[in-house]
Every structure is written in structure tokens, then in C-alpha cells.
4 protein chains.
Amino acid sequence: MSFNTFGTLFRVTTWGESHGPAIGCVVDGTPPGIALKEADIQVWLDKRKPGTSRFVTQRREPDRVSILSGVFEGRTTGTPISLLIHNEDARSKDYSDIAEKFRPGHADYVYWKKYGLRDYRGGGRPSARETAMRVAAGAIARKILGRRVAIRGAMVQMGTETVDRGKWDWKQVPKNPFWCPDAAAAKRWEAYLDGIRKAGSSVGAVIEVVASGVPAGLGAPVYGKLDVDLAAAMMGINAVKGVEIGDGMAVAGLTGEENADEMRMKGGKVAFLSNHAGGILGGISTGQDIVARFAVKPTSSILTPRRTVTASGKNATIATKGRHDPCVGIRGVPVGEAMMACVLADHLLRHRAQCG
Amino acid sequence: MSFNTFGTLFRVTTWGESHGPAIGCVVDGTPPGIALKEADIQVWLDKRKPGTSRFVTQRREPDRVSILSGVFEGRTTGTPISLLIHNEDARSKDYSDIAEKFRPGHADYVYWKKYGLRDYRGGGRPSARETAMRVAAGAIARKILGRRVAIRGAMVQMGTETVDRGKWDWKQVPKNPFWCPDAAAAKRWEAYLDGIRKAGSSVGAVIEVVASGVPAGLGAPVYGKLDVDLAAAMMGINAVKGVEIGDGMAVAGLTGEENADEMRMKGGKVAFLSNHAGGILGGISTGQDIVARFAVKPTSSILTPRRTVTASGKNATIATKGRHDPCVGIRGVPVGEAMMACVLADHLLRHRAQCG
Amino acid sequence: MSFNTFGTLFRVTTWGESHGPAIGCVVDGTPPGIALKEADIQVWLDKRKPGTSRFVTQRREPDRVSILSGVFEGRTTGTPISLLIHNEDARSKDYSDIAEKFRPGHADYVYWKKYGLRDYRGGGRPSARETAMRVAAGAIARKILGRRVAIRGAMVQMGTETVDRGKWDWKQVPKNPFWCPDAAAAKRWEAYLDGIRKAGSSVGAVIEVVASGVPAGLGAPVYGKLDVDLAAAMMGINAVKGVEIGDGMAVAGLTGEENADEMRMKGGKVAFLSNHAGGILGGISTGQDIVARFAVKPTSSILTPRRTVTASGKNATIATKGRHDPCVGIRGVPVGEAMMACVLADHLLRHRAQCG
Amino acid sequence: MSFNTFGTLFRVTTWGESHGPAIGCVVDGTPPGIALKEADIQVWLDKRKPGTSRFVTQRREPDRVSILSGVFEGRTTGTPISLLIHNEDARSKDYSDIAEKFRPGHADYVYWKKYGLRDYRGGGRPSARETAMRVAAGAIARKILGRRVAIRGAMVQMGTETVDRGKWDWKQVPKNPFWCPDAAAAKRWEAYLDGIRKAGSSVGAVIEVVASGVPAGLGAPVYGKLDVDLAAAMMGINAVKGVEIGDGMAVAGLTGEENADEMRMKGGKVAFLSNHAGGILGGISTGQDIVARFAVKPTSSILTPRRTVTASGKNATIATKGRHDPCVGIRGVPVGEAMMACVLADHLLRHRAQCG
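In short, a report on the structure. (Residues numbered from 1 in each chain as written. Chains lettered and ligands numbered in written order. Predicted model: local features only at pLDDT ≥ 70, side-chain atom pairs only at ≥ 80, totals over all residues. Heavy atoms only, no water.)

## Comments concerning the sheet that holds strand β8 (residues 150-158) of chain C
On the basis of which strands lie adjacent, the open sheet formed by ten strands has the order β9(C)-β8(C)-β10(C)-β16(C)-β11(C)-β11(D)-β16(D)-β10(D)-β8(D)-β9(D) and antiparallel pairing. Of all the strands in the sheet, just β9 (161-162) of chain C together with β9 (161-162) of chain D have a single pairing partner and so form its edges. In this fold helix α8 (residues 329-355) of chain C packs onto β8, β10 (205-212) and β16 (290-296) of chain C, with an angle of close to 145 degrees to the strand it touches most, β8 of chain C. (Pairing = 2+ DSSP bridges. Helix = DSSP H or I, 4+ residues; strand = E, 2+ residues; numbered from the N terminus. Contact = heavy atoms within 4.5 Å. Axes fitted to C-alpha atoms, helices over the stretch in contact; angles between N-to-C directions.)

Next comes the structure, spelled out in C-alpha cells:
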């Protein structure tokens, strides 16, 4: 994994800035002969798209994807697939304020320190806009995995609000603007986030992504472990500060007896009696559900003025007016799913290479 | 990152099984002219070594490292450094029990599913023994980073016991067998872990690793982010199930106002007023302390019998007698420090390549 | 090096088929702050462009390049640079003949064997059209190398015709349609190639690329040698079947006395008395001119019918009518220069990483 | 490919200097379940071993290989295989002459320029001794390829002496000290090389390596081409200055009609009527024999004094006394075979990953 490429055999290279003419990616290593059309990708992009509810940024980006290569007569050819989305809502507005001031929580300061210059128009390269291409690549990854593997994400915490895991219902997830699996919680969250939004504030979130139907044996010890690549994938999503597999940070408080996922034969097959491990042992999939979670920090762009400094070394304050997400974690759900799909597709190919 | 190699420019390839003749690694990409002798590596290995207190495995492994290449007249030459440690305590004991039964929480089952066969003598490849080579490589990484960068680890939670962050004192860390920064907690933990140990049980832990003196600008967006590689590095340590940067999973509960690390000019320099970000924004170091945490699950080898199955598809139970760690997290502290060092050294070289 | 990406730190990922909507590439790892505009790239593309003389294909492709990312206010930002060229002369003609028959010397048969399907419209992915993006990437690589390094290519053999090295004059190279450094030879070649062209035949060529001003020390033993990467770079150009460094294949016939490039001090500096090594020893640049040569096979598309088979397993014959190059090696000159530039830029960054 | 690692999925990392305690390699990515014992590797090492005739260096190195990991009960486990050979003939002789003077044709000068220091004992890292580990890795690669693929090398030119291709007989190859396939030529070469040897001189050579039984479809366009990786593999062997596939440099002199490998159906299968392409089209294997050739320069260590300079900037002369090869190309034959095996094994795994 280096720079702007993700993956070993299923490789995704993304490019583009939020306010440039376009963003795009090149997906390399896709097996040949897979049915693929733009609509197969668009359906996932539409889930992530801005402006779908009052709880996400009102930037108007239709995010229409074009396939420029690698597909012939409706099937992948095994050559690189180039995807492109034009930036349509890149308003030529006044950036003089953020050109000079570093927004706390944003990458402004570090880009300037690292590169000596930066594209200060909106988010630039580190904009969450880049994640559209992750979602697009994830759509292709899902095709590689096939129907046997189902990847679903849900928001399990928003700010100080959590879900009741006893009321988890996957069918609720697409029915509320938060991808929340608990109908009662989703209702409460609506009022909660309205408060945050009207205050010009923001909150963080925890997203859980579950992959079912993944065969045992994916993952390559000891530095190409499945959980290593999942951790990298999730931590690399904008604003993520923590990643968990299975019981995650909570394993610290368990005893060996509690943590052991015991096994029994059931109908001639190995069955686990619990899944503290989140479907991964020794870096390799066990055949159980793969369970990953990640925490997204609150959107850094808020109305309340924050203290900062300028590129010329002066103290200043900054407040962000504009079309921002009160909980950027909402749009992180499809992105987390996509990254899970990319990692699994890559490991499926890697496993097939070594173990046939 | 793939298979048994870690890093992009500072590259570590490890090999070896716990009960084979030796373990080792090849460290490639080290800059030339760095003073390096075996004692520089041994000092860190001794911190991780089994048998240093009653709270870690009593396996007797002197773990004496040999440098086989890449160093001439006391200085690195820029060619690959081969390190080797002979396995001395690989007793030829009876493995027939674990040859057939899959130990819950271990990688036995998945190796068998993935490869169709496995080295069942003790831990085999996924043994924590492999981490000795990470510590060895980390010693070289520290040399590359130089004295300006200090990397220190501490245990901040053991089972249900935590530290009082108000009493954090780095000087306490080497004074107790737990690398605990809170003297009072360390005392309590002694009794607590004795209870666990005598019961043949085990507990998990949380380790925190802090790197000070890291310059701003390390890290490469968007898939070669510093936190991406740290997450991969920490998640790849045996038994780790969660990784956090800065406030970690807790950012979900914060508002944008709380989470913002505000900035002021102080003495002509940029100063941050807090460090929720753990020293990383947009995947790039800010110049603040880099703060990473990871959770280690309880040792899977315990005295209490657990239900499992056999390779021939029968139900069984298994209990592990022998020389095991009641809290394997203890030995994870030097390993976490080493992985932090390896990631930072790699990113230092990568940054130098692109930005001079 | 894998699949559609070239380079380690200066990384070029190309995509696109000859008859799809566009071709393009993503250039990653470019240092920030380098002045770059489309015209800087276009000037090199124009050298390679079809239709510049009667000796190259008459396909009409203006090959206008667009920069879609990675450049802000005229300078590189350190983020990936996306380049795109629309395919304008992708006539929707009748491909039924080549859809079914495998053209000898083309990649038709192997793509079909490997992938089970292929984009049969013209060249598809293996079309020489892809090399336009290598030339574009090479233009950026030259910017990284700076003015100190000069990279120049020339054709030294066309079919059975060679140059007289005693009459080598770099100034002649752009003055004839063959990039021939020997004015007298160029004149002869004109008549020679006219004969070939009118016969609907084709011939091969040998290209020599020379890089001057390259500092000593570039190249990383033992698998990242400078000549290893040059060999890979040149062999990867379409239709290339042989690569030489310095005296190349002819070293077999030399004695150790003849082959030694002796050294003397001259004006306080080390001077070599000859350059049989082509500027590379032990995989590392010596500071002398880097000299690489490669042989390009004759264009496979010719008027004379050749025996072949069809996808349905029948014998057939095929002749190619259309706009093809009588000596595709001519357009290989700017491509060879570009690959030299990419390899050197990559190694400059790699050297800087390890050796400061 | 970078630094001291070769290959993408079948990955070989070598380490060691000619006069250090040992040399070795780590072979990663081997499929599990393959029967492997030290004798399987030793048999190939013995072919390359010094001292087997008066025409190769008389250094006495038994080159006994040990397997330190990755094999359990006689089968590969899928984990990294560590191989080690102790250096037994590393005489502690006086190196003061070469410590100060740069030997023309050797890597002395460039290592000093690149790294600022060098291991001046004998060859150091760039010693041909490193190639023993390539041969060892090649033995494992052959196991992956299976019996269906046969890889054979032969010397086709030694100095100014060539073979008569009409008299090619693979059975002759192991019967003379030159791996020469032409019995009459081998006889002539004996007298010829004796003359060179007694004069303290040396000559170059051309080696041809042929792989039969390779299935069509190996190789990944456009930068992971099979011939790209073969070119890199062969050019990376010590002292190699030229690499050819099929007709190689000679394709420049052919017409399209001559160069076309026509196809016919024979017994229901596709048959090529010639093999100018050396079994590779568009970077992908055709199913024909893969034919690669490389030129090895004459051994740089000769008795005749050559002019050079010293590290302190003075003119000097140097002559090499000692145990050297009059034609180092002889020992290059098993090395070339091994590199062919490594490339094919890697591409077999890569193909399986993408195309199943």
C-alpha cells in the first residue's frame, strides 16, 4: 500500500481534488468476464451522494460515473477499468479566508508543512469527495466476491447516542437517514441531530460493517493479515480515528474463558458458539461473519469560531459557513462497506494465487 | 504490505516458526553509515524476553541475536541486514493433543482450512515468538530516526484494571513488570494478575505507544497515510483486536467544538492547545506527539477446558497446560514500540524521497 | 512492478484501449512545487504523434492532453496527477474480420487464451496507442530530473540499414523523419522505407537512448538495479524483443582487458577512459552517460496475407489493410526516451530516500 | 521489484556478502503442500558450485544449504522458507589493496559513491556469490511449476566462439564444462578457454534459457508482462549487459513477413509454424517454448594491470591475482535457469489469482 493506490492484486488508484474538474480512479486486477455496467456502480454512489436528506451536506453533486476503459460489450476484459466523475458543483467562490488560515481538524496545516503549498479550494485532495471513488471501486469488488458474500454497514453510535443491539434489524437500515438498525434509536437520533445541525455544531459516529458468507482461509500471515488490511482500509477513510475487529477494544476487559470462541460439529460442519474474534483468527477468516467497526470524528467545519493561526504566522479565528455535514459519519457507511469489499476481493485473489 | 514483509522503503521480512531451528528477519532499505552492533538490538530484545518476571511465560529463550550481513566495521552499508535468533527451548515434547484438536482463539483451525496442513508444534508461524524479530527490526528503525525521536510504550489497562492518567509518570514504566505508568495501579495489578495466573486464566490489555519529536509532514495521502500504516502495524501484532489514534473510538461521542485542536503562535512557533488527533491530521504528522493505542485479547491458552473440534470432525475439549502468559499484553509493549519505530522510519524515508 | 503500474516511488498507472473513449494515466509520487502545465507535456506528445510524415500511421489523433488533478496554480502539489487524452479517430468501422481471426505477431491470440474474451476493436489494450501516456509521464519525469539531465534518443538501425557512428550528430536527429543521427544514412533510409511502405511490408529497428548528466549512485542492488529497471522499461514497450546496456550483447565477444573501463583523475575528478558499461556498474550509475538500446520488431500488420487460425478453430489467412506504420520503431524513439526519464526519476527519488 | 526482493507473489529476498558469515534468502508465497527437502535444492546448487572444473574459480565452497523454516514434515506450509549457506572459504586475507583502489568493471567505485562506504572484502554484496541464493530459490520455483515445465540453459557463445545451431543436442549440455549443446564446439572451447585462462585473461559469453511446457496466458499487460519480468530477471544477474527474447536484437533486420509466426490448426490444436517471438506476444506466453538469451561480460578480475584511481583521489594500477573465473558466464547458466523458473512461478500464481 503506498500513496494513492490501495490493494495488492485488486488495486485501486484514486486521483482528484474536490474543486478540480473531475475525480476518478483506476481499478486494476479485476478478473475478466464479469458483467459490469455503469448502473452497477451508480447504485452504490447514489447511497453516498450528498443532498439525500437534511442531515448531509447540501452540495449538489449528481456524481454520475463513466467507465472509460476495461469493459467491452458489457464484460470486464481484465485490463484496467478507469472511472471518472465530473465535479459539477465546484463553485468559484471566495477562498481567501481558508487560503490563509488553517482550519483546525482539517489537513490544511499538515499539507502546507509537508508540501510547502496546497490546493486551498475547499477540501482539496483530502476532501471526503475522494471517497466517492472508493464506493465506485467497492461496487466492482462486490462483483468479484459474487452473491455469496453480503456486505452491510450500519451506524451504531451517533455522538452520545447508541443503538440497542437487542433491537438490531437490518431491514431498518435503509429506512432512516442514518443507516441505523434500531428503529427506535433512529427516531431519537433525528431530533438529536437536528439540534446539533441547528447549532452549527457536529458530532462523531461509530460505523459497523459486517461481511457474511466469506469463506474460511482468506488472509495471509503475518503482515498481509486480513485484519491488518481491514484496519488499514478503515483507518484510511477520512476522519476515522479508531478501528475494531470483533469485540475490539473491549477484549482488554475479557478473560481467556470469556473470549474463547468455542467450536462444535453441527450437521457435519464446524460451528462456532460465539464470535468475539469478529471472524478473524491469526489474520485469517474463520468462515464466520467478518465484523469491523470504526469511529468517525465530528466534522471539523463548524459555525462556532475556533482559534487558529495563519500561514504567515499570526493568530486568528475561523468559523465555517456553508454546506457541511452535521455528522459526516452518515456518509461513511457506504464508504466502510466499499472498503470491506475491496479488502475481501483483494484477499480472495491473493488466496487463490497461493492456495489454488 | 504483503505476506511476510512490512514497510515500503524500510522493509522488514520475517521468517521462522516457534519450534523450528531459528527465527530471523531481513531488514532492507536502511541508510548507510549508521553505527550498529548486536548489543544495540539486544537491549530491546531483552525487554521483551520471556521469563523476566512471574507474569510472563517461563519458556527459557535467551534470544541472542546475530547480525549476518549488512554491517561492516560497525556501520550499516546500505545492503540488507540479516538477523537470526536460534530457538533454544524448542523441547521435543508431545504435540499429539494439539496436532489433532484446534485450540479456540488460536490460528490452528484457520491455518488448517487455508493451507490444508500446519506446523502444529506449539505456536508455529503465528506464534508470538515472531514478534522478537519485530523488536529487533525496531531497534534498527530507532537508529534511523535518531535521538530526536523518543518512542515509549505503557500498559494503560489490564483486564478490568485501568490507570489514573493524572498519575502518569514515564519513570515508573520500567520499574514494574507491567510497563505501567501509574505506580499505585501497578501495585494493585500485581495482586490482580497473581489471581488470574493462579486460576490458570488470562486477561487482555490496552497498550499505549507515544512518539515524541516526530517532525510535521510524515505520511502520504490518501492510502499511504501515517495512521493507515500505524493501524496496519498495530493490528498485525498477535492478538490485537482494536487500534486507536489520539482519542480513538471516543471521538464518536465528541462535538466538533470539543474535538478541534486549536492553534496559537507561541514563541514564533505554531502550538496546538490540545491533541485529540494524536498528532495526525489528514494522515500526516502535525509535529505533536503521535499517540497510538491497541487492545490485546487475553491469552487463548488457559487451564479451563474449552469445547472444540478435531481435524477429523469430532467434538472434543482442550485445556492448555504449560508455560504461558497470564497477560500476553505485557510482552506486547516493546512490540508496539518497535512497530511504531518501523512505521516512522519508513515514512521518514518516504517523505525524504518525495519532498527532499 | 505489476500489471498496469510502472515504478516504485515515481509511479505511473496507465489505462485505456485504442478504440475506447479515451486513454489516460495517473502519475503518483511527483515532488511538490514543480512548475507544470499542459504545454510542457504536449511538446513531447507532438513528437510521437501519428501523421507527422508519410512514414508513420496516418491515423489522425491530435492527442491533446488534459491535466485533471495534482496541479494547482501552475505547480505540482504532490498529489496524483491525472492525465487524459480523448480518442478522436476511433472510427466505428467493421471489425468482424479481426474479431474472429488472430493476427500473427499481435496479442490477439494470447489475450483470448488468457482472458477468454478480448476487445477486438483495433489494437485494444496492447495497442501502441498506450505509449502516448508513457510519453506524457516521461514529460513529468524530465521535470523531476531537471535541466542537468539530458535524455536523447536516436534510431541506429532500420531494417538492414545502419548508421555510421563516426558521423553521429545529435543535431541531425530532429531534422529527418527517422530520428537518425547520421544525415547520409537518413537520406538512404528514406528511399529504403518508401520501398517497404509501398510493398505493404514493414521492418524492425534499433533505438538508442542516452542520458547525460546523471549523477553517480543511482540504482539499488541487487534486484532494484538501475539496469534491471531500464531493461524492464524498454522490454515493456510494444514490439521490443531485445535490450542492451552499453556494449550490450557484444560484451560476449570481448576480453576482460578490452571491456575494462579504466579510470584516471582529471582535474581533481574521476574520469573513465571508455564506456563499455553504458554508465552502469553493479546496477548503479557511474556518472558517465547512461546508454540503452532496444530492438523493435517489424510492424505485424502487413498487406501480404499470412496464415492464421480463427477463434472457432479453423485455418484462415489474414492481411491488414489500413493506416499502419511501415517501421513502428520510428514512433518508439520518444517512447524510449520517456521510459528512460521515468526510470531515472524513480531512482533519483529512491536514492534520495535511502542516502539523503 | 525493489532493492533485495524479487517477484510479486513468489517473492525472493536475498541477503549476505561474499566474505560475511553466511548468505541466505527468504522465499515467500510458496503454495502449501509441496514436497521439499534440502536435497531438492542442493542438486541445483551443486551445478553452480565453484571448483567443479579448471574453468571456474577454485574457491572451495561446499555451499551446503539449510532450510530454517516454512517446511514441516517434508512439505511446504505456505509460510516463508528461509534458506542459509555458511561462507566457509572466507579467508582472512589482506584486502588493503582493493580497500583503497577501485577495480575497473567491479562495483567498487559506485558503492563508494552511493553509500559513502563499502564492504571491501572480496566481492561484498555485488559478488556473484549472491547468485547461489537465486539458484536455491529457483529450485523451489521449479517445484511450483511442476514436471510439465522443463527449463534448460546452454551456453551458445563464449568469447568469439559460437555454437552451430544445426548441431544442438540438449544431451551434450551436462557432458562438458561449458553447458555447450554442440559437442564439437565444446571441444574447441576447451583449448580456447585454456589459452584465456593461462593468459590471466577472461572472456564474455551468451547464455540461452529455454522453458518448455509453459501454458499460454502467463503474463500481465502492460507493465507486468512476462518478457518485462524476464528482462529484469536476466539483466539483474551479475555482469549481464544484454537480454533478448526470441530473435532478440535481430528482429530489427527482419521484415513483417519474415517475423510473423504463422498459425495452423494441427490435431485440433493451434500450432505455430515458427517461434521468432520466443513464446511471448504482447507480454503473454503463447504456449510455445519461452526463449531468453543474455550476454555476460568478461570477468573483470584479470592478471593484466589496468589503470584506476584510489578512494583518496590518486592514479594507480591494479591487477587481480587469485582464484577467478576465466569465463564467469559458465556459472551463469544455472543462474539463468533459476531466474527463468522464478519468473514463471511468479506469473503462474499471478495468472491464477486473476483468471482462476
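## Structural notes on the packing of aromatic side chains
Between two aromatic rings, the relevant description is the distance of the centres plus the angle of the planes. A complete count under the given rule lists 40 aromatic pairs over all chains for this structure. Arranged with centres 5.0 Å apart and planes meeting at 45 degrees, the rings of Phe-55 of chain A and Phe-178 of chain A form a pair that is tilted. Of the two residues, Phe-55 of chain A sits in the loop between α1 (38-48) and β4 (65-67) while Phe-178 of chain A sits in the loop between β9 (161-162) and α5 (183-198), which places them 123 residues apart along the sequence. Here the two residues Phe-55 of chain A and Phe-178 of chain A agree in accessibility, since each one is buried. Both rings, one in Phe-102 of chain B and one in Trp-112 of chain B, keep their centres 5.0 Å apart while their planes meet at 45 degrees; by these two values the pair is tilted. On the criterion of sequence distance, the pair formed by Phe-102 of chain B in the loop between α2 (96-100) and α3 (108-115) and Trp-112 of chain B in helix α3 is long-range, its members being ten residues apart. Residue class for Trp-112 of chain B comes out partly exposed when judged on its relative accessible area of 29%. Grouping aromatic residues by their ring pairs yields a cluster made of Phe-102, Tyr-109 and Trp-112 of chain A together with Phe-272 of chain B. Lying over the aromatic face of Trp-44 of chain A, Arg-142 of chain A brings its terminal NZ or CZ to 3.6 Å of the ring centre. (Phe/Tyr/Trp six-rings, centres within 6.5 Å; stacked < 30°, edge-to-face > 60°. Buried < 20%, exposed > 50% of the residue type's maximum accessible area, 1.4 Å probe, protein only. Lys NZ or Arg CZ within 6 Å of the ring centre and 35° of its normal.)

## Overview of the interface of chain B and chain A
Each partner contributes residues to the interface: chain B has 106 residues there, and chain A has 106 residues. Of the roughly 8600 Å² buried between chain B and chain A, counting both surfaces, carbon and sulfur atoms make up 62%. The interface formed by chain B and chain A holds four salt bridges in total. A salt bridge links Arg-307 of chain B to Glu-262 of chain A, with the shortest nitrogen-to-oxygen separation between them at 3.1 Å. At the boundary of chain B and chain A, one finds 54 residue pairs in polar contact (both at pLDDT 80 or more). Two strands pair when backbone bridges link them, and strand β11 (residues 240-245) of chain A and strand β11 (residues 240-245) of chain B are joined in this way by three bridges, in the antiparallel orientation. Residue pairing in the sheet places Gly-242 of chain A in a bridge with Glu-244 of chain B of β11 of chain B. (Buried area = accessible area lost by both parts, 1.4 Å probe. Salt bridge = Lys/Arg side-chain N within 4 Å of Asp/Glu carboxyl O. Polar contact = N/O pair within 3.5 Å; in protein donor to acceptor, adjacent residues only side chain to side chain.)

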